[in-house]
Amino acid sequence: MRRLIARLWHGIRGSVQWRLLYLSQAKFMVGVTGVVRDRAGNVLLLRHRFWPEHRQWGLPTGGAKRGETFEQTVVREVREETGLEVTVGELVHLGSGFRLRVEVAYAATYAGGGTMRLNPTEILDARWCAPDDLPDGLLEAHRLLIETSGGQRGRGGEGGVEVRGVVEAAQDPPDLGQHQV
C-alpha cells in the first residue's frame, strides 16, 4: 500500500502536490514581535489600544502577511505602529502560541531612522525604557523576551534562541505510519 501511495505521489508532481499538502496540513497565524533597542540599550515599548487595560504595555507586535519574511514583518509593524525604521537582528524566540498561532520574536535596533509618529488606531503611547525600569502592565511574555534577548543595557542580542511548544496535526492521514525527515 505504501509503495502505491508513493508511486501516486511521484506521478502527480508540481502544483497538485502542493495543493494536497496545503489541504492536509494544519494552518497557523504567525505573530511576530520585535525587541527594539536604541543605541543605549533602551527598549521600545508601546501601549496597545486593543489589549486588556491592565496589561496594555508591550513590544511592537503584529501578524505576518502572506509572502512576507518574519524580518520584514518586524520592520513593517514597527514602521506602521511608530513611524520608526529598524534593522532586524537575530531570532530570539520561536514557539507555539494560543491555539493555531506560532510566536516569533527578533531582536531589532533603532539607529535613528524615521520620526516617532504613533498609529492612533492601534497605539495609545510609546516610550523608551531601560531594561531594569519597565512599566507596570507590561505583558509578562514580553518582559521575558526583553530579559532573554539581552536585558542588560548594551548587551542586545545575547542569550540565544528560546524554542518551545509542540505542533500537532489535527489528524494524521490513515495508513501512512511514521515519517522520517
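Because the structure is predicted, anything quoted here is derived from the model rather than measured.

Colleague: Can you help me understand the overall build of the protein chain in this one?
Modeller: A tally of regular secondary structure across the protein chain gives four helices and eight strands. Listed by position from the N terminus, the elements making up the protein chain come as α-α-β-β-β-β-α-β-β-β-α-β. A total of 181 residues make up the protein chain; the buried ones form 34% of that total. Sequence separation of 24 or more characterises 63% of the internal contacts of the protein chain that already satisfy a separation of 6 or more. Here the protein chain has roughly 11800 Å² of accessible surface; of this, 53% comes from carbon and sulfur atoms.

Colleague: Where do I start with the side chain of Thr-73 in this structure?
Modeller: Within the secondary structure, Thr-73 is located in helix 3 (residues 70–82). Engagement of the side chain of Thr-73 in a polar contact is seen with the side chain of Glu-68, the distance being 2.7 Å. Those residues in contact with Thr-73, other than ones at most four positions away along the chain, are Val-32, Gly-62, Gly-63, Ala-64, Lys-65 and Glu-68.

Colleague: Whenever I open this one, the layout of surface pockets confuses me. Can you help?
Modeller: Think of a ball as big as a water molecule: rolled over the atoms, this probe shows where empty space is left. Its volume calculated, the second largest pocket comes out at about 500 Å³. Looking at the second largest pocket, it is lined by 25 residues, and the ones nearest its centre are Arg-101, Glu-103, Leu-139, Ala-141 and His-142. Where the lining of the second largest pocket is concerned, the elements lending two or more residues are strand 1 (29–37), strand 4 (61–63), strand 5 (84–96), strand 6 (101–114), helix 4 (140–148) and strand 8 (162–164). The greatest single-element share of the lining of the second largest pocket, amounting to five residues, is contributed by helix 4. When the residues that make up the lining of the second largest pocket are grouped by side-chain class, the tally is 10 nonpolar, 10 polar and five charged.

Scoring rules and cut-offs
- Residues numbered from 1 in each chain as written.
- Predicted model: local features only at pLDDT ≥ 70, side-chain atom pairs only at ≥ 80, totals over all residues.
- Heavy atoms only, no water.
- Helix = DSSP H or I, 4+ residues; strand = E, 2+ residues; numbered from the N terminus.
- Buried < 20%, exposed > 50% of the residue type's maximum accessible area, 1.4 Å probe, protein only.
- Contact = heavy atoms within 4.5 Å.
- Areas by Shrake-Rupley, 256 points an atom, 1.4 Å probe, with all protein chains shown as cover.
- Polar contact = N/O pair within 3.5 Å; in protein donor to acceptor, adjacent residues only side chain to side chain.
- 1 Å grid on protein atoms, 1.4 Å probe; cavity = no way out; pocket = protein on both sides within 12 Å on 5 of 7 lines; lining within 4 Å.
- Points joined across faces, edges and corners; volume = space filled by probe spheres on them.
- Nonpolar A, V, L, I, M, F, W, Y, C, P; charged D, E, K, R; others polar.

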